[in-house]
Amino acid sequence: MEKRPFAELGVSAEILKAVGKLGYEEASPIQTAVIPAAMKGRDVVGQSATGSGKTAAFAIPAIEMVKPQLRKVQCLILCPTRELAVQVAEETGKLLLFKRGVHVVPIYGGQSYDRQFRALAAGVQIVIGTPGRVMDHMERGTLKLDALRLVVLDEADRMLDMGFRDDIERILSAVPEGRQLLFFSATIPKAIQELIGRYSRDPEWIRIESHAQNAPQVDQVYYEVDRRSKLEVLTRLIDLNDFRYGLIFCSTKVMVDELDEHLHARGYATDRLHGDLSQMQRDRVMEKFRRRSFEFLVATDVAARGLDVDDLEVVFNFDLPNDAEDYTHRIGRTARAGKSGRAITFVSGRELYKLQSMIRFANLRIRRERVPSLDQVEEARANVFFEKLRGVLDSGRFERHDRMIDRLLDQGYASTDICSALIQLLKGGDGPAKAPAPGPEPARAEGLPESAAEPSLVRAEPAPPPAARTGREAGMTTLFLNAGRKHLVTTAEIVGKVTGVTRLPAGVLGAIDIHQRHALVDVAAEHADMVIAKLTGIRLRGHALKVSLATTEERARE
Ligand code: ADP
Ligand code: MG
């Protein structure tokens, strides 16, 4: 099933810019096949599953064929429902963003005629509507079709199911001779075949089959998640299941960048993979991922295509894949070599229908689960912590601190209280941390005691902390952080946070002085503003950071 870059489909620079802005990395199979055929002027019958990108497959040729200087309706797109008409109009609007003088309007039942009349009178060139309302406007004379050159029937089978056959036939017989006709339908029942036979001229039939296969050994669940809560739910699920090695799919490059940064800021060791990276950068990221230098790879479908890794614990579909085939492709990364794996899919809003149709279409076995509550996450974290603690106790591998403990006991503290206080300190207000596991696995940045944490735990690149120095160097600016020894902050953590969140190399940092309640951090002057902006509000040891330029007074207090 072929997919090609949009640039190879002969579309204009404006469209390329728009699809880039939408974050589409390449054309889907139906788009790859339909766009060039439609732009040549051929009639097309396109058949593919829900979610395979049919809208852009006809919207792009529609936009390209419009003559902007001609202020008449040149393209008519018929959809079964008002929701679909609005949706298609929205997507078309995004795709023509950079085309000057091309306008689109949805017309549908329920909206005032007046408003639609004004839009039509203003000279829009692309009209998207339900058959009933389009008929109405034609009869009233408010929709003139004398300049019409392209008609699109989206979800033709559904339109017939909904009883629009007469309206459709009347519309098709009223449009000028020689217009181009594009038919889209998930199925081609007899009635559709008749319509095609009567109104199409030698159409090109394009049928994209889905070769999705089930992956029975993968445990597949989906969660209905509000778009804004996805990040929160993702981190909950990671913590709850103690996942440490997985792939997270997003639909666009922009989303990949954002999610990578957000996870990073929350202390997960992540990296990203998408089409904007050079081949060399991609190879490096993949190599590091294979070596498990970080925990989660955030990627687009395209970028992850060549990725060959074993033993992934989990694949997250942070964004729903386009079709069932992409879905099975994605989740096939887990559960290799007969092992069982997990696939977790998020759907929000309307995506639920898309997922359900994918499940039906490709017979997927995905069950619904409820988003875990914070309490459940806390409990799971506590269990992990408990097991780790017991593990250390049982192994007998720990240094003794009898003198300190004796002193506390002498002062009358109960041993249970001493332990509770220590646990409290370890939790750092953000819940107990995952102690680093033996072996090459990376550890979490948040809330680890200094002795247990490696300095390089935030970024995959080891960034050894610079030795504390006195005296300020030229070209350095001193920043004031509202966290210090009291908050158990360490030099390594500050370096980790700064390099992790800003992605600057550790070399831009100078002296770091940690005081009781604050820290002074030297940073190359040209990066100071960025460091302040990016670090402010980030949590360090469960403590919300405030960062500002240090005053002379603060600097003198060292
Ligand atoms: P269909 O009409 O076939 O059911 P849609 O046109 O509604 O599918 O597209 C489904 C989703 O896929 C939409 O959210 C759309 O924005 C997205 N999409 C379409 N084309 C691409 C592409 N080339 N790359 C990434 N996402 C795409
Ligand atoms: Mg559609």
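Residues numbered from 1 in each chain as written. Chains lettered and ligands numbered in written order. Predicted model: local features only at pLDDT ≥ 70, side-chain atom pairs only at ≥ 80, totals over all residues. Heavy atoms only, no water.

## Some words on the overall build of the protein chain
Then comes step 1: If you tally the helices and strands in the protein chain, you get 21 helices and 20 strands.
Then comes step 2: Here the protein chain, with 558 residues, has 52% of them falling under the buried criterion.
Then comes step 3: Contacts spanning at least 24 positions in sequence make up 76% of the contacts within the protein chain whose residues lie at least 6 apart.
Then comes step 4: Of the roughly 26400 Å² that the protein chain leaves accessible, carbon and sulfur atoms contribute 51%. (Helix = DSSP H or I, 4+ residues; strand = E, 2+ residues; numbered from the N terminus. Buried < 20%, exposed > 50% of the residue type's maximum accessible area, 1.4 Å probe, protein only. Contact = heavy atoms within 4.5 Å. Areas by Shrake-Rupley, 256 points an atom, 1.4 Å probe, with all protein chains shown as cover.)

## Re the environment of E204
Then comes step 1: Looking at the secondary structure, you find E204 in strand β7 (residues 204-207).
Then comes step 2: On the basis of relative accessibility, which here comes to 24%, the residue E204 falls in the partly exposed class.
Then comes step 3: C-alpha of E204 to C-alpha of L182: the two residues are 22 residues apart in sequence and 9.5 Å apart in space.
Then comes step 4: Excluding residues within four positions of it along the chain, E204 makes contact with A37, R42, D43, V44 and V45.

## A closer look at the sheet that holds strand β14 (residues 367-369)
Then comes step 1: Taken together, seven strands build an open sheet; the order of strands is β10-β11-β9-β12-β13-β8-β14 and the sheet is parallel. Each having just a single partner strand, β10 (270-273) and β14 make up the two edges of the open sheet. Within this sheet the neighbouring strands show an average axis-to-axis angle of 25°, counted without direction.
Then comes step 2: Set on the sheet, helix α11 (residues 253-265) makes contact with β9 (246-249), β10 and β11 (296-299); between it and β10 the angle comes to about 175°.
Then comes step 3: Taken strand by strand, helix α14 (residues 324-331) contacts β8 (218-224), β9, β12 (314-317) and β13 (341-347), and its axis lies near 150° from that of β12. (Pairing = 2+ DSSP bridges. Axes fitted to C-alpha atoms, helices over the stretch in contact; angles between N-to-C directions.)

## Things to note about the pairing of β10
Then comes step 1: By the alternation rule, side chains of β10 split into T270 and R272 and D271 and L273, which are all buried.
Then comes step 2: Bridge count between β10 and β11: four bridges; the pairing is parallel. The residue bridging T270 from the neighbouring strand is F296, located in β11.
Then comes step 3: Note that the unit made of β10, helix α12 (residues 279-290) and β11 has a crossover that is right-handed. (Right-handed = clockwise from strand over helix to strand, strands pointing away.)

## Considering the nonpolar core
Then comes step 1: Of all hydrophobic cores here, the largest spans 39 residues; its most connected members are V34, F58, I60, I77, I126, I128 and L182.
Then comes step 2: Sorting the residues of this core by element identifies α1 (13-22), α2 (29-39), α3 (54-65), β2 (75-78), α4 (82-95), β4 (126-129), β5 (150-153) and β6 (180-184) as the ones contributing at least two each.
Then comes step 3: Not counting chain neighbours up to four residues away, the residues in contact with V34 comprise V44, A57, F184 and I206.
Then comes step 4: Grouped together as the second largest cluster of nonpolar side chains are 33 residues, L76, L120, F183 and I188 included. (Core = buried A, V, L, I, M, F, W, Y, C linked by side-chain atoms within 4.5 Å.)

## Things to note about the packing of aromatic side chains
Then comes step 1: This structure, assessed with the given rule, holds seven aromatic pairs.
Then comes step 2: Of the aromatic side chains, those joined through ring pairs into one cluster are Y223, F243, F316, F318 and F346.
Then comes step 3: One Lys or Arg, R140, reaches over the ring of Y113 and ends 3.6 Å from the middle of that ring.
Then comes step 4: For the cation-ring pair, K230 lies above F318, with the distance from its terminal atom to the ring centre recorded as 5.2 Å. (Phe/Tyr/Trp six-rings, centres within 6.5 Å; stacked < 30°, edge-to-face > 60°. Lys NZ or Arg CZ within 6 Å of the ring centre and 35° of its normal.)

## Remarks on the confidence of the model for the protein chain
Low pLDDT marks regions whose predicted coordinates should not be analysed in detail.
Then comes step 1: In this model, the protein chain carries an average pLDDT of 83, and 87% of its residues clear a pLDDT of 70 or more.
Then comes step 2: Confidence drops under a pLDDT of 50 for residues 429-471, and excluding neighbours within four residues, the segment shows 105 contacts in the predicted structure. (pLDDT = per-residue confidence, 0-100.)

## With respect to the pairing of β8
Then comes step 1: Counting buried residues in β8 gives five out of seven residues, a clear majority hidden from the surface.
Then comes step 2: Summarising the sheet, β8 and β14 pair through three bridges and their orientation is parallel. For Y223, the partnering residue across the bridge sits in β14 and is E369.

## What about the site of ligand 1?
Then comes step 1: Close contacts around ligand 1 come from 16 residues, with Y24, E26, G51, T55 and N322 the closest.
Then comes step 2: Between ligand 1 and E26 there is a distance of 2.7 Å, counted from a nitrogen atom to a backbone nitrogen or oxygen.
Then comes step 3: Within the backbone of G53, one N or O atom sits 3.1 Å away from an oxygen atom of ligand 1.
Then comes step 4: Summarising the interface, the protein chains cover 79% of the accessible area of ligand 1, which totals 560 Å² for the free molecule.
Then comes step 5: Looking at the shell around ligand 1 residue by residue, the classes come out as four nonpolar, eight polar and four charged. (Near = heavy atom within 4 Å. Polar contact = N/O pair within 3.5 Å; in protein donor to acceptor, adjacent residues only side chain to side chain. Nonpolar A, V, L, I, M, F, W, Y, C, P; charged D, E, K, R; others polar.)

## Comments concerning the pattern of salt bridges
Then comes step 1: Tallied over the entire structure, the rule returns 31 salt bridges.
Then comes step 2: One salt bridge in this structure joins K190 and E194, with 3.7 Å as the shortest N-O distance. Within this pair, K190 and its partner E194 are both found in helix α9 (residues 190-199), separated by four residues, close to a single helical turn.
Then comes step 3: Of the charged contacts in the structure, one is a salt bridge between D219 and R342, with a shortest N-O distance of 3.4 Å. (Salt bridge = Lys/Arg side-chain N within 4 Å of Asp/Glu carboxyl O.)

## Comments concerning helix α20 (residues 528-535)
Then comes step 1: Along α20, the residues that are buried comprise A528, V531, I532 and L535. Each buried residue of α20 sits inside an arc of 100° when the element is viewed along its axis, so together they form one side. In α20, the exposed residues that point more than 90 degrees away from the buried face are D529 and A533.
Then comes step 2: Tucked inside the fold, the buried residues of α20 contact β15 (476-481), α19 (491-502), β17 (519-524) and β20 (547-549).
Then comes step 3: Immediately beyond the C-terminal end of α20, within one or two residues, lies G537, with a positive phi of roughly 90°. (Arc of directions from axis to C-beta.)

## Digging into α19
Then comes step 1: Relative to the 16 Å expected for twelve residues at 1.5 Å per residue, α19 spans 16 Å between its end C-alpha atoms, a close match to the ideal helical length.
Then comes step 2: Among the twelve residues in α19, eleven count as buried, and that is most of the element.
Then comes step 3: Taken together, the buried positions of α19 are A492, E493, I494, V495, G496, K497, V498, T499, G500, V501 and T502.
Then comes step 4: Looking at the buried residues of α19, the elements they touch are α11, β15, β16 (509-514), β17, α20 and β18 (539-540).
Then comes step 5: R503 sits one or two residues past α19 and shows a positive phi near 65°. (Expected span 1.5 Å × (residues − 1).)

## Topic: unusual backbone geometry
Trans peptide bonds make up the majority, and among non-glycine residues the majority have a negative phi.
Then comes step 1: Phi angles above zero are rare outside glycine, and E155 is one such case at about 50°.
Then comes step 2: Its place among the elements puts E155 in the loop between β5 and α7 (156-161).
Then comes step 3: Although it is not a glycine, D242 sits at a positive phi angle of roughly 55°.
Then comes step 4: Mapping D242 onto the fold places it in the loop between α10 (230-241) and β9.

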